[in-house]
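Structural description and commentary
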Amino acid sequence: MLVLPLPVSGKHLHIIKDLSDMSDAEKAFELDGIAQAFLGGDPGRVYLIAANDGQLLKYWRNFSDRHPDYRRVGQTLRSMLKDEQELDTDGRLALRLINLSRQPNHALFRKLLDRVVNHPQWANCTNCSAFDACPVRLNLRLLQADGDNTLRGRLSDLIRLAAANDAHLPVRQLLILITNILLGDRAPTQGDNLLTCQKARNRAADAERGYHATNPYQNVFGLNLREKIRQQYHVFRTLNAFGIGRETSNAIDDLLIYGAQPDNQGSLPEAEPCYGSRLFEPLRKDYLRGSLKNFDDFRYAIEGQRRRLFFDTPANRTDACDPWRLTIFQHGGDYLRFMERMAQAPQSESEIRAKIILGLNRTFTGTLCENLDALWVASPAANGYDRLGRVLECPPIALESGGFNVLAVLFDSGGLAGRPRLKVVSRMKPDEPLAALELRPLLFEYLLRVADGSLPSSFSRQCYEEVRQFRLKLVSQLRAELSPSIRNKLDLVKLDEYSGKLQHEPMTLSSPAA
């Protein structure tokens, strides 16, 4: 625990950086002081305590039998957490409860980053002999730059996308990430993976090899650490799941290795001089001359350049050099824009909404149909109707932006934490969806790739199951919502081979001749 004097009030600030790291004896020792501060009995102490919900409640539960006030503190904290209250509305406790898990990960990351890179003590580096060549200062400048195609901007996108996929990063993991980007060092010895001032001066003096070890575009993914150590950190597992460095396209690799070609309209941003051309150019020349001694070095280097390009390339590219082509989420940029627009204007982004409908129609019917303006809820591919054709569960449900007749497909940002979702509503109960499908980035990617004509097998089974569950719930609700004349009608779904459009026709039943 750290104790600091507060200059204005004369009080002392007691900082407990992690309640779970304290021993039982330490927790018991601080109990009375914390309780008195919370209850207003000790005006000379102020506490700043970091703890997750469970640890905080367990702390007061374990000591609740020592004094009635301690039981009251625990009960009040439980109520504040449950109701997401920042202050005790009854005035029983003098505290402010800030639930960091309720803050968007990407916004929290930016706040933490601002505090670190703008800290006044960076001014102490001014008189250092290695100031201009120091890798820590270089990494600091890269993190200070703001905008779309910067480390800060693109990292915020990754963290936001991961959170939308339910991979949330707590404050401790975000601080580990920032620290490793700034100070990460690919040291040859175990347990020596952060730069000190002396190590930074040594790296700066050995520019040929030094910057290979301090590359922030590699440090983002914990690649300065051994695999066993890297896997212990949730933040590095989460970021490496995007496949950045391993994913690429022929166009991007051709431009990296051979430069711009006359028949290639794309171009790459100018390489950052230290971590771009200085690290890659000698190996690239050896590769082209056929004098490369170790192909693993070249492979590692080109993977590093792909990672750098992901952060340096503008996101508004529509050609083969779109930076999201360097990830498994090739529509990651589309998802982030779609999520923002759904929060502002739910009926915008008509092209994306139509492609989602197309992806669902192709999944439901098992055909490469071209129907974009209505949802065709057909029987699944794995039942006995296959020999006859798909059976339509209800008339096609229109994708509407205004009024509608009986049913309509709408989009909004009503998913968990503002995630976009698709919902089917009826005219009778427009505010109560019959069924809704939350569009997580993984499912969004699946549907758009299906709409583009491919079946991404790497994650198709999981996504297909989500779509299947949505369909089952929708069909169940439709049977209760629709009139018997519509509900009992059996139509076959067929694909017109010339137009690529789905069509439906009444099912004809006949009895065998006597």
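Here the structure is shown first, and the text comes after it.
Residues numbered from 1 in each chain as written. Predicted model: local features only at pLDDT ≥ 70, side-chain atom pairs only at ≥ 80, totals over all residues. Heavy atoms only, no water.

This part is about unusual backbone geometry. A negative phi angle characterises most non-glycine residues, just as the trans form characterises most peptide bonds. Phi at Glu84 takes a positive value of approximately 55 degrees, unusual for a residue other than glycine. Structurally, Glu84 can be placed in the loop between α3 (68-82) and α4 (105-117). According to the relative accessible area criterion, Glu84 is exposed, its value standing at 54%. Notably, Asp166 is not glycine yet its phi reads approximately 70 degrees, a positive angle. Within the element layout of this structure, Asp166 appears in the loop between α6 (151-164) and α7 (171-183). We classify Asp166 as partly exposed; its relative accessible area is 42%. (Helix = DSSP H or I, 4+ residues; strand = E, 2+ residues; numbered from the N terminus. Buried < 20%, exposed > 50% of the residue type's maximum accessible area, 1.4 Å probe, protein only.)

Working note: a packed helix pair is described by the angle between its axes plus the distance between those axes. Two numbers describe how helix α2 (residues 53-62) lies on α3: the axes approach to 8 Å, and their chain directions differ by 160 degrees. Considering their axes alone, α2 and α3 lie roughly antiparallel with respect to each other. The handedness of the crossing between α2 and α3 comes out as left-handed. Within the contact between the two elements, α2 uses Asp53, Leu56, Leu57, Trp60 and Arg61 and α3 uses Tyr70, Val73, Gly74, Leu77, Arg78 and Leu81. Across the contact of α2 with α3, the residue classes break down as seven nonpolar, one polar and three charged. (Axes fitted to C-alpha atoms, helices over the stretch in contact; angles between N-to-C directions. Parallel < 35°, antiparallel > 145°, perpendicular 65-115°, else oblique. Left-handed = near helix turned anticlockwise from the far one by under 90°. Contact = heavy atoms within 4.5 Å. Nonpolar A, V, L, I, M, F, W, Y, C, P; charged D, E, K, R; others polar.)

As a further point, take the side chain of Arg449. Structurally, the position occupied by Arg449 is in helix α18 (residues 441-451). Judged by its relative accessible area of 17%, Arg449 is buried. A polar contact of 2.7 Å, which involves the side chain of Arg449, links it to the side chain of Glu445. (Polar contact = N/O pair within 3.5 Å; in protein donor to acceptor, adjacent residues only side chain to side chain.)

Turning our eyes to something else, we now look at helix α14 (residues 273-289). With 17 residues, α14 should reach 24 Å at 1.5 Å per residue; the first-to-last C-alpha distance of 22 Å fits that figure. Those residues of α14 that sit buried are Cys274, Tyr275, Gly276, Leu279, Phe280, Leu283 and Arg284. Positive phi shows up at Gly290, right after α14, with a value of about 80 degrees. (Expected span 1.5 Å × (residues − 1).)

With that settled, consider α7. One turn of the α-helix equals 3.6 residues, which is why residues spaced by three or four share an orientation. Here α7 is 13 residues long and its end C-alpha atoms lie 18 Å apart, about the 18 Å a rise of 1.5 Å per residue gives. Of the positions making up α7, those classed as buried are Gln173, Leu174, Leu177, Ile178, Asn180, Ile181 and Leu182. Contacts from the buried residues of α7 go to α4, α5 (135-144), α6, α10 (216-219) and α12 (234-240).

What follows deals with the pattern of salt bridges. For the structure on display, the rule yields 33 salt bridges. As a salt-bridge pair, Glu303 and Arg307 come within 3.8 Å of each other at their nearest N and O atoms. Of this pair, Glu303 and Arg307 both sit in helix α15 (residues 295-312), four residues apart, which is roughly one turn of the helix. The partner of Glu393 in a salt bridge is Arg471, and the shortest N-O contact between them spans 2.8 Å. On the criterion of sequence distance, the pair formed by Glu393 in the loop between β5 (390-392) and β6 (397-398) and Arg471 in helix α19 (residues 460-481) is long-range, its members being 78 residues apart. Arg471 sits in the buried class, given a relative accessible area of 7%. Here the residues in one salt-bridge network are Asp296, Arg299, Glu303 and Arg307, joined through shared partners. (Salt bridge = Lys/Arg side-chain N within 4 Å of Asp/Glu carboxyl O.)

Inspection of the secondary structure assignment puts Ser426 in strand β8 (residues 421-426). A distance of 3.2 Å separates the side chain of Ser426 from the backbone nitrogen of Lys429, its partner in a polar contact.

Moving on, we come to the nonpolar core. Core analysis: the biggest nonpolar cluster contains 95 residues, and Leu177 and Ile356 have the highest contact counts within it. Not counting residues within four places of it along the chain, the set of residues in contact with Ile356 comprises Phe338, Phe411, Leu422, Leu439, Phe444, Leu447 and Leu448. Counting 22 residues, the second largest nonpolar core, distinct from the first, contains Leu19, Met22, Leu31 and Phe63. (Core = buried A, V, L, I, M, F, W, Y, C linked by side-chain atoms within 4.5 Å.)

Right, let's get into the sheet that holds strand β10 (residues 491-495). Taken together, three strands build an open sheet; the order of strands is β5-β10-β11 and the sheet is antiparallel. Since the sheet does not close on itself, it has two edges, and those belong to β5 and β11 (502-506), each with one partner. When strand polarity is set aside, the average angle formed by the axes of neighbouring strands in this sheet is 45 degrees. Of the strand pairs in this sheet, β5 and β10 are connected by three bridges, and their pairing is antiparallel. The residue bridging Val391 from the neighbouring strand is Leu492, located in β10. (Pairing = 2+ DSSP bridges.)

Residues Tyr258, Tyr287, Leu288 and Phe295 make up a contiguous nonpolar surface patch of roughly 400 Å² in combined accessible area. With relative accessibility at 31%, the residue Tyr287 sits in the partly exposed group. (Patch = residues over 30% accessible without salt bridge, like charges linked within 9 Å, V, L, I, M, F, W, Y side chains within 5 Å. Areas by Shrake-Rupley, 256 points an atom, 1.4 Å probe, with all protein chains shown as cover.)

Counted under the stated rule, the structure contains zero disulfides. Sulfur of Cys463: no disulfide; nearest cysteine sulfur belongs to Cys369 and is 18 Å away. (Disulfide = S-S within 2.5 Å.)

Time to look at the packing of aromatic side chains. Summed over the entire model, instances satisfying the criterion amount to 18 aromatic pairs. Measuring from centroid to centroid gives 6.1 Å for Tyr217 and Phe311, while their planes differ by 40 degrees, and the two rings are tilted. Of the two residues, Tyr217 sits in helix α10 while Phe311 sits in helix α15, which places them 94 residues apart along the sequence. Every member of this aromatic cluster is reached through a ring pair, and the members are Tyr211, Tyr217, Phe221, Tyr275, Phe310, Phe311 and Trp324. Stacked on the ring of Tyr300, the Lys or Arg Arg186 has its end atom at 4.2 Å from the ring centre. The ring of Phe221 carries the charged tip of Arg307 above its face, separated from the ring centre by 5.8 Å. (Phe/Tyr/Trp six-rings, centres within 6.5 Å; stacked < 30°, edge-to-face > 60°. Lys NZ or Arg CZ within 6 Å of the ring centre and 35° of its normal.)

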